[in-house]
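Given next are the chains, with one letter for each unit.
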Amino acid sequence: MKLKKLLFVSASALALGAVNTNAIWLGDALGTTPAIVHAQELTADEATLVAEIKNMVAGLEPVNLEQLLNVKDEDLLLYYSDALETSANSDELYKAIYDELAANYPELSLLRGEQYDAYRRAAEAIAAASSYTFSDLNMALPSATLALYQAEFNANGEDVDATVAAILPEIETAVEEYIERREQREAEAAESAEESSQEAAEESTEDSGSEEVENSEETGEETVEESSEEATSEVPVEESLEEESTEEDSTEVIESSEDVILSDLDKMKASLVEYSFLTEPGLTYFDEATLNTYLPVAVANNFSAESALAIQDMLVSERPDLFIEEQIQGVADKIRAAAVAETPMLQAQAAEIPNAALLSYDKVINTSDNGVEYIFNRSTEDYPEVFADEANRFRTALNESYGLNEEDLAAVPDVTLLWEEYYSYLQAGGAEDLEELAAVMQAKYEVSTDDESSEAESESESESEGEATELDSFKEALVSQTDLTNEQVAALGDETLQSVLDTFGFDVTDLTEGNVNGFRRMLITYYSDNFTDEQVNSVANLLRESSVSATPMTMDIANQIPSGDFLTWSRESIDTGGNDITYPFQRALETYPDLFRDLVIQAKSDLVGSTALTQAQVDQMQFVHLLFANFSAEGEVDYSAAEQYLRDLYPEVFESETSTNESSETSSESESTSVSVSKSTDVESENQETLPNTGETNAWWIGGVAVLLIGVAGYLIYRGRKAN
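Since the model is a prediction, treat every value here as computed from it, not as a measurement. (Residues numbered from 1 in each chain as written. Predicted model: local features only at pLDDT ≥ 70, side-chain atom pairs only at ≥ 80, totals over all residues. Heavy atoms only, no water.)

### Description of the nonpolar core
Alright, step 1. Ranked by internal contacts, the top residues of the largest apolar core, which has 56 residues, are Met-268, Leu-272, Leu-315, Ile-375, Leu-398, Leu-417 and Met-441.
Alright, step 2. No other element matches helix H20 (residues 384-402), which puts six residues into this core.
Alright, step 3. Contacts of Ile-375, omitting those with residues within four sequence positions, involve Ile-335, Ala-339, Met-345, Leu-358, Tyr-361 and Ile-365.
Alright, step 4. Ala-58, Ala-83, Ala-118 and Ala-125 belong to the second-largest nonpolar core, a separate cluster that totals 44 residues. (Core = buried A, V, L, I, M, F, W, Y, C linked by side-chain atoms within 4.5 Å. Buried < 20%, exposed > 50% of the residue type's maximum accessible area, 1.4 Å probe, protein only. Helix = DSSP H or I, 4+ residues; strand = E, 2+ residues; numbered from the N terminus. Contact = heavy atoms within 4.5 Å.)

Structure, rendered in structure tokens:
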């Protein structure tokens, strides 16, 4: 059942209500108890912003628009302004607004703490097993939904599927009731607005009538005087009439020019409201810059119904989040029809491309020079499995009927093959022409026949015999000198083994223990799924030891982290093209912060006790920097250099220090500090790879460079593995 309604209609109604009335008659969160929220007069921009804030909060947080009706607009604007100053991203922004609402509007019964997290888990489970989105579920009232879920969850022995199945009917009923209440409010608001408009019109008519009576009475009293003035006037009647006519004509010209100034944009908006399903309030969700993008379409077609419907579809692609599922489906189906008519895409293939993807492709087309072919090209890129069968059908036909080499055909991308087949199809008048396609494949893409390929293969076989013999010897050494088995080596395949040898620069003829064991470590790092836990742990332990030696990580912490994580972090470091030796430590701190809690506390204590830093200052610094500042590979920390390191990283923390404190130091103390800082700076400038205050020697730097070289090679083989 499709329960999703047009979001911007109800939200716009809220905004209009805030602008046009001083008091809005509302229901409470359950729609049972009426309440009045007095709102100060807002500007149009403020009203639009309030509506946007409500939409975003209700879409991202466990609260619905009906609950937000009880919140003062000025409070929302205040919370929004405060959150902008403290939030790093939109998620934090609207979470901060939600927290303010929960704190200042207890009557809304908003979820907090563990209940907040529990509702998010419940909503995720319900959404995964139904067609409801997070914002849909909010309509059923988050606190009520959570209570239902928890009760059924316990009753069903913590069976999530059974729990969701049991509560879905009640959620559906609650959502339907929510929609009915919303539609009723909108109808009442429209009726109230119409009554107000009629009353205003009647008052205007009454005022006009009374003014006419007063004017006629005044005219009667002054008739004699006016007559005498007219009799003695030297201005001819004709001239007077001409002047009046000129004034009227001038007024008409001005009014006419004002009609032109009202702009094509207003005409476009009027045509959209008249011919499309867009409403005047709904258009407020699109700024002028966006609407002006599509204005040439309306102007070129004289603001016709056809142009309005075309722009309507473009706006749906621009902001699908503002429209209901039926409207989105209608536009997506039009995009599918265009792609099927003008590209190699088949109807069955188009049906498998999600609506959201099609609308995003259409948005690019509407705002760029791309044509409908962009939809097909992006679809093949994002959903290759949809087009693979059709492309392989042509490859098989070309191989079996025209002898084209299978491997050469496989090297031609699906999108290229399908476009070439489509062009030959059009040239043949709408019929498959595989003969023409085969000729194109040979001429443009150097696809050989099987006979040609066989000759080339026979020539290369003799050349590769020597290499195959060397690889076989290396494989034997790999099994005899390490704990790898024949089955494990065979499962990887000769192609993978040769790729690792070539990419990392291993000498296939070097069968020494060091070379063979180094090769083993690389295989386990990149293909850990092929090996036993014991083998994986042996490589992970080397990474653990490296992290403990070069970073603040302790072996106790390292042993609590799964081996698979260390291998993953090692690959990630290589894939980014860097291979920072501290990377596993940084990822461990990010992933398992609780394991480092005691180290952080100790670091803060040591730094406050051994430097001029205060507790308030270190509390403003990131854990990773504090840990490195309190660490030395040689065991003894230079706290003078540590303090300078943190001062350089956090100048804003020390801005409040006065120059008086600095001048009060004795010359000997200044000299001592200067020497210490100078030494620290010299070390860093001489060896930029040395970690801050770790006390690492050049031996570590050399090791880092060696690991970096291996890392670059690892990145290349990783890319090769992904391509295969």
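Having seen the structure, we can now continue with the description.
### Looking at the pattern of salt bridges
Alright, step 1. A complete count under the given rule lists 23 salt bridges for this structure.
Alright, step 2. The residue Arg-597 makes a salt bridge to Asp-594 at a minimum N-O spacing of 2.6 Å.
Alright, step 3. By relative accessible area, which is 48% here, Arg-597 ends up partly exposed.
Alright, step 4. A relative accessible area of 55% places Asp-594 in the exposed class.
Alright, step 5. Among the charged side chains, a salt-bridge network with shared partners connects Glu-66, Arg-181 and Arg-185. (Salt bridge = Lys/Arg side-chain N within 4 Å of Asp/Glu carboxyl O.)

### Some words on unusual backbone geometry
Alright, step 1. Notably, Phe-303 is not glycine yet its phi reads approximately 55°, a positive angle.
Alright, step 2. Its place among the elements puts Phe-303 in the loop between helix H14 (288-300) and helix H15 (305-318).
Alright, step 3. For Phe-303, a relative accessible area of 15% puts it in the buried group.
Alright, step 4. In the Ramachandran plot, Glu-446 falls in the positive-phi region, its phi being about 55° despite a non-glycine side chain.
Alright, step 5. Looking at the secondary structure, you find Glu-446 in the loop between helix H23 (434-445) and helix H24 (450-481).

### Some details on the confidence of the model for the protein chain
Alright, step 1. Per-residue pLDDT for the protein chain has a mean of 78; in total, 74% of the residues score no lower than 70.
Alright, step 2. Taking the mean pLDDT of every element in the protein chain, the minimum, 24, falls on strand S1 (residues 23-27) and the maximum, 96, on helix H19 (residues 373-382).
Alright, step 3. Taken as a whole, residues 1-39 scores under 50 in pLDDT and shows 102 contacts with residues more than four places along the chain or in a different chain.
Alright, step 4. Counting contacts from residues 216-260, a segment whose pLDDT is below 50, to residues more than four positions away or on other chains yields one contact. (pLDDT = per-residue confidence, 0-100.)

### Looking at helix H28 (residues 533-550)
Alright, step 1. With 18 residues, H28 should cover 26 Å at 1.5 Å per step; its first-to-last C-alpha distance of 25 Å lies within 8% of that length.
Alright, step 2. Residues of H28 that are buried include every one of Gln-535, Val-536, Val-539, Ala-540, Arg-544, Ser-547 and Ala-550, and no others. (Expected span 1.5 Å × (residues − 1).)

### Some remarks on the side chain of Thr-582
Alright, step 1. Mapped onto the fold, Thr-582 is located in the loop between helix H30 (563-575) and helix H31 (583-591).
Alright, step 2. At a separation of 2.6 Å, a polar atom in the side chain of Thr-582 contacts the side chain of Gln-586. (Polar contact = N/O pair within 3.5 Å; in protein donor to acceptor, adjacent residues only side chain to side chain.)

### Considerations on the packing of aromatic side chains
Alright, step 1. With the rule as written, the count across this model stands at 17 aromatic pairs.
Alright, step 2. Ring centres 5.4 Å apart and planes at 85° place the aromatic pair Phe-376 and Trp-419 in the edge-to-face group. Taken as a pair, Phe-376 in helix H19 and Trp-419 in helix H22 (residues 414-427) lie far apart in primary sequence, 43 residues in all.
Alright, step 3. A relative accessible area of 0% places Phe-376 in the buried class.
Alright, step 4. Judged by its relative accessible area of 12%, Trp-419 falls in the buried class.
Alright, step 5. Taken together, Phe-376, Phe-387, Trp-419, Tyr-422, Tyr-423 and Tyr-425 form an aromatic cluster joined through their ring pairs.
Alright, step 6. Positioned over the ring face of Tyr-116 is Lys-95, at 4.6 Å from the centre of the ring.
Alright, step 7. Lying across the ring of Phe-394, Arg-393 places its NZ or CZ 4.5 Å from the centre. (Phe/Tyr/Trp six-rings, centres within 6.5 Å; stacked < 30°, edge-to-face > 60°. Lys NZ or Arg CZ within 6 Å of the ring centre and 35° of its normal.)

### Quick word on the environment of Phe-303
Alright, step 1. In sequence terms Phe-303 and Leu-265 are 38 residues apart; their C-alpha atoms lie 10.0 Å from each other.
Alright, step 2. In this structure Phe-303 touches Asp-264, Lys-267, Met-268, Ser-271, Tyr-275 and Ala-298, once residues within four positions along its chain are discounted.

### Section: helix H12 (residues 263-275)
Alright, step 1. Look at H12: 19 Å from first C-alpha to last across 13 residues, which is about the 18 Å you get at 1.5 Å a residue.
Alright, step 2. Contacts made by the buried residues of H12 are with helix H13 (280-283), H14 and H15.
Alright, step 3. For H12, the N-terminal capping position is held by Ser-263, with its side-chain oxygen 3.3 Å away from the main-chain nitrogen of Leu-265.

### Thoughts on the environment of Pro-552
Alright, step 1. Checked against the element boundaries, Pro-552 lands in the loop between H28 and helix H29 (555-559).
Alright, step 2. Assessed through its relative accessible area of 9%, Pro-552 is described here as buried.
Alright, step 3. Linking Pro-552 and Leu-627, residues 75 residues apart in sequence, is a C-alpha distance of 6.2 Å.
Alright, step 4. Not counting chain neighbours up to four residues away, the residues in contact with Pro-552 comprise Phe-585, Leu-599, Leu-627, Phe-628 and Phe-631.

### Some remarks on a negative patch on the surface
Alright, step 1. Residues Glu-188, Glu-191, Glu-194, Glu-195, Glu-199, Glu-202 and Glu-203 make up a contiguous surface patch of negative charge.
Alright, step 2. Checked against the element boundaries, Glu-188 lands in helix H9 (residues 160-221). (Patch = residues over 30% accessible without salt bridge, like charges linked within 9 Å, V, L, I, M, F, W, Y side chains within 5 Å. Areas by Shrake-Rupley, 256 points an atom, 1.4 Å probe, with all protein chains shown as cover. Lys, Arg positive; Asp, Glu negative; His and termini not counted. Charge placed at Lys NZ, Arg CZ, Asp CG, Glu CD.)

### Re a nonpolar patch on the surface
Alright, step 1. On the surface, a cluster of nonpolar side chains totalling about 280 Å² of accessible area is made up of Tyr-423, Tyr-425 and Leu-426.
Alright, step 2. For Tyr-425, the location among the structural elements is in helix H22.

### A few points about the environment of Glu-373
Alright, step 1. Here Glu-373 shows up in helix H19.
Alright, step 2. Look at Glu-373 and you get partly exposed, because its relative accessible area is 35%.
Alright, step 3. Separated by 31 residues in sequence, Glu-373 and Glu-342 have C-alpha atoms that sit 7.5 Å apart.
Alright, step 4. Once residues lying within four places of it in the same chain are set aside, the contact partners of Glu-373 are Thr-343 and Trp-419.

### A closer look at the packing of helix H27 (residues 513-526) against H30
Alright, step 1. At a minimum axis distance of 9 Å, the contact between H27 and H30 shows a crossing angle of 95°. One element, H27, and the other, H30, form an angle in the roughly perpendicular class. Contacts between H27 and H30 involve Ile-524, Thr-525 and Tyr-526 from the former and Leu-567, Ser-570, Arg-571, Ile-574 and Asp-575 from the latter.
Alright, step 2. The class makeup of the residues in the contact of H27 with H30 is four nonpolar, two polar and two charged. (Axes fitted to C-alpha atoms, helices over the stretch in contact; angles between N-to-C directions. Parallel < 35°, antiparallel > 145°, perpendicular 65-115°, else oblique. Nonpolar A, V, L, I, M, F, W, Y, C, P; charged D, E, K, R; others polar.)

### Details of the side chain of Arg-336
Alright, step 1. Summarising the element assignment, Arg-336 is placed in helix H16 (residues 325-342).
Alright, step 2. Arg-336 sits in the buried class, given a relative accessible area of 7%.
Alright, step 3. Non-local contacts of Arg-336, meaning those with residues more than four positions away in its chain, are made with Gln-329, Ala-350, Ala-351, Ile-353, Pro-354, Asn-355 and Leu-358.

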